[in-house]
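# Overview (structure and organization)
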Amino acid sequence: MQLQEAAYLAGLHALWDKAWPSDLPRKPHYPLGEIAISEHLREWARRQPHKPACIFYGREISYAELDDLSDRFAALLHSHGVRRGDRVAVFLPNCPQFMIAFFGILKLGCVHVPVNPLFREAELAYELDDTAAETVICLDTLLPLLRAVRAQTAIRTVFVTGFADFMPAEPSFPAPAAMRQPRLPAGEDEIELMPALEAVSEPAPEVVPDLDAVAALNYTGGTTGMPKGCVHTQADMLYTAATSLATSFALTPDDIVVNFVPIFWIAGEDAGLLFPIVAGATVVLMARWDAVGFMAATQRYRASFSYLLVDNTVEILEHERVREFDLTSLKRVRVSSFVKKLNPDFRARWRELTGGTMVEAAWGMTETHTMDSFSVGMQQEDFDLNSQPVFVGLPMAGTEFKICDFETGALKPLGEEGEICVRTPSLMKGYWNKPDATAEAIRGGFLHTGDIGVLDKDGYLHFLGRRKEMLKVKGMSVFPAEIEALLGQHPAIAASGVIGREDAERGQVPVAYICLNPASAEQPDAVALAAWCKARMAAYKVPEIRLVAALPMTATGKVKKDELRTL
């Protein structure tokens, strides 16, 4: 008998209400009310003008200064013909100028287009052409790349800046050597950002914020295919911030957040830009990951919160200098399991080091502004980790999940695998310039994600991987994410990626590409690793082992599965 959606969802809501942690609020938390993201900066600048909004290797940018500089950037854009609704590309890594541009773009009612600073020519040309952006703010060292593709795009105005514009003479914690180089000059038809900001004399015209207007094009960062621009509004950003501040992140103005996660990536934008500023907190911004720099920054500023990959936490735990630093202020850490997966051993070791608890930040997508589920409050006796594979918890307030048959769209009963579908207030308004892809992805208000998952008998969501990654071994479903999670528990394995190999007898066979940790005393060979797997998983799941020196990775820390076969 086919399940009826209304009854199905009503039953799920009853389960979610029962499972909801008793000490967490049931509604989104709006620290300043339901006002625009840009207005949060203005209001915090009024309430706490001298408090640092951002600290960049010792250079402090107060709320008042960030507000003023972003006002100036909005005026600068306007003076160069940029108007409401125009797309502005931000081709920068983590730096204060990214934050200045982000808020200036929103204040003018324009559309923020973050561009991956690790792009090559074809990728950069594609995204700039797809958005038809006419204005870009570019890091000085990325200018050669931009110049190489500019003729293929609509770009007519280029603002140039560099790390040197905000780097102090003596950084307060270790900074990569490349960041301490002198500024490279702009070309004849390019504009130096900082002198131009200082020269602004006329304010931008006042633009009444529209929470429902297009505010950002966040491009998907998958491992295959050309990326698609997800159309997001300030309302999407605000809902994501409000629900996360009520559950997973729970920041206040007293918090100090250390963030190295790239803020061009939507999870980094959330954790390192949106959430701290909406909460009125301070973000210590790192340009890139560096274990010693992270530990030094945490100790120097008594950081209370950070969002990391599990790989980063393991690098800290195993770092030879870890005992030189006091990390006990870092009581709350949210992590994402990409290559290494969170497990009870990592959590216990982290608690011993810091006194705090590592919690999975949970599941989400660029299409939904991510952060769609949470697992905070589910750590008693490692309930979350013992409920694997890939337990991602409950939906955020206002968000709903359902599991459907991939082919027919029919609802699947609790406990049965199918496609994760999500309905949320932060769902994108569509894919930019791709109406057919939008219609295929969003049906009946739900995003059909292409992810395989299951809702268990208590209503908790489990993520099993992308449909295209699922393997069939002698008719049995095998999920690479589950194998990768188990491999992550081996002390000598630094990283792994699992794909399938066609096999005439078994249909498919899982193949695990494994990097060993060179610092590990144990250096097992493929035979020993296969035996270790046989002792811990069903025989049909045991992978063939391929030891490799490195895994091909995306800029956001995902294994490029399509390139593994070339190793």
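Up top you'll find the structure we're talking about.
Every residue gets a number counted from 1 within its own chain, in the order that chain's sequence is written. Under the rules for a predicted model, residues below a pLDDT of 70 receive no local features and side-chain atom pairs below 80 are neither given nor counted, while totals for whole chains, interfaces and linings still include all residues. The side-chain quantities take in all heavy atoms of the structure and omit both hydrogens and water.

### Some words on the environment of Asp 86
The numbering of helices and of strands both runs from the N terminus, where a helix is a DSSP run of H or I of at least 4 residues and a strand a run of E of at least 2. Inspection of the secondary structure puts Asp 86 in the loop between α3 (63-79) and β3 (87-91). Note on classification: 1.4 Å probe, protein chains only; a residue is buried when its accessible area is under 20% of the maximum for its type, exposed when over 50%, partly exposed between these limits. You can call Asp 86 partly exposed: its relative accessible area is 28%. C-alpha separation for the pair Asp 86 and Thr 135, spaced 49 residues apart in sequence, amounts to 8.7 Å. Residue contacts follow a heavy-atom distance rule, with two residues in contact if any of their heavy atoms lie within 4.5 Å. In this view, Asp 86 contacts Gly 81, Cys 110 and Val 111; residues no more than four positions away in its chain are not counted. A polar atom in the side chain of Asp 86 sits 2.8 Å from the backbone nitrogen of Arg 83. We call two N or O atoms a polar contact when they sit within 3.5 Å, provided that within protein one can donate a hydrogen and the other can accept it, with sequence-adjacent residues counted only if both atoms are side-chain atoms.

### Describing empty space enclosed by the protein
The distinction between a cavity and a pocket rests on a 1 Å grid over the protein atoms alone: a 1.4 Å probe fits inside a cavity but cannot get out, while a pocket stays open yet meets protein on both sides within 12 Å along at least five of seven lines, and a residue with an atom within 4 Å of a point counts as lining. Grid points are joined across faces, edges and corners, and a volume is the space filled by probe spheres set on the points. Going through the model one piece at a time under the given rule, you end up with one cavity of 30 Å³ or more. As a volume, the largest cavity reaches approximately 30 Å³. Lining the largest cavity, in full, are Trp 20, Pro 25, Lys 27, Pro 28, Thr 243, Ala 246, Thr 247, Met 396 and Ala 397.

### Side note on the packing of helix α4 (residues 96-107) against helix α9 (residues 266-279)
Lines fitted to the C-alpha atoms define the axes, with helices restricted to the stretch that makes contact. Angles between their N-to-C directions range from 0 to 180 degrees. Relative orientation of the contacting elements α4 and α9 amounts to 60 degrees, with a least axis distance of 12 Å. When the axes of α4 and α9 are compared, the pair comes out oblique. At the point where α4 passes α9, the crossing takes the right-handed sense. Contact residues: Phe 98, Met 99, Phe 102 and Phe 103 in α4; Glu 269, Leu 273, Leu 274 and Ile 277 in α9. Residue polarity is assigned by list, with Asp, Glu, Lys and Arg as charged and Ala, Val, Leu, Ile, Met, Phe, Trp, Tyr, Cys and Pro as nonpolar; anything else, Gly included, falls into the polar class. Along the lines of polarity and charge, the residues of the contact of α4 with α9 split into seven nonpolar, no polar and one charged. In this scheme, roughly parallel covers angles under 35 degrees and roughly antiparallel covers those over 145, while 65 to 115 is roughly perpendicular and the rest are oblique. The crossing is said to be left-handed when, going from far helix to near helix, the turn is anticlockwise and less than a right angle, and right-handed when the turn is clockwise.

### Quick notes on the packing of aromatic side chains
In summary, the pairing rule links any two rings of Phe, Tyr or Trp, Trp by its six-membered ring, whose centres are within 6.5 Å, and it sorts them by plane angle into stacked for under 30 degrees, edge-to-face for over 60 and tilted for everything else. Following the criterion strictly, the structure yields 16 aromatic pairs and no others. Here Phe 73 and Phe 159 contribute two aromatic rings whose centre-to-centre distance is 6.0 Å and whose plane-to-plane angle is 70 degrees, an arrangement assigned as edge-to-face. Taken together, the positions of Phe 73 in helix α3 and Phe 159 in strand β6 (residues 157-161) put the pair 86 residues apart, joining distant regions of the chain. Phe 159 matches Phe 73 in its accessibility class, with the two residues each being buried. Aromatic side chains Phe 249 and Phe 305 sit 5.1 Å apart centroid to centroid with 40 degrees between the ring planes, which places their arrangement in the tilted category. Placement of Phe 249 in the loop between α8 (234-246) and β10 (256-259) and of Phe 305 in strand β12 (residues 305-309) is noted, with a sequence separation of 56 residues between them. Residue Phe 249 is classed as buried on the basis of its relative accessible area of 0%. Three or more aromatic residues joined by ring pairs form one cluster here, namely Phe 56, Tyr 57, Phe 163, Phe 173 and Tyr 301. In this scheme, Lys NZ or Arg CZ marks a charge over a ring once it lies within 6 Å of the ring centre and within 35 degrees of the ring normal. Cation over ring: Lys 228 sits above Tyr 431, and NZ or CZ is 5.0 Å from the ring centre.

### Some remarks on the side chain of Glu 269
Mapped onto the elements, Glu 269 comes out in helix α9. Among buried Asp, Glu, Lys and Arg side chains, Glu 269 stands out as unpaired, with Lys 429 the closest opposite charge at 13 Å. In contact with Glu 269, other than residues within four places in its own chain, are Phe 102, His 112, Asn 218, Met 237, Pro 262, Ile 263, Leu 274 and His 369. A residue counts as positive if it is Lys or Arg and as negative if it is Asp or Glu; His and the chain ends are not included. Whenever a carboxyl oxygen of Asp or Glu lies within 4 Å of a side-chain nitrogen of Lys or Arg, that contact is scored as a salt bridge.

### What to know about the environment of Gln 234
Relative to the helices and strands, Gln 234 resides in helix α8. On the basis of relative accessibility, which here comes to 4%, the residue Gln 234 falls in the buried class. Sequence separation of Gln 234 and Ser 62 is 172 residues, and the distance between their C-alpha atoms is 23 Å. Setting aside residues up to four positions removed in sequence, Gln 234 forms contacts with Ala 36, Ile 37, Ser 38, Leu 106, Leu 211, Ala 213 and Ala 215. Here Ile 37 takes part through its backbone nitrogen, which lies 2.7 Å from a polar atom of the side chain of Gln 234.

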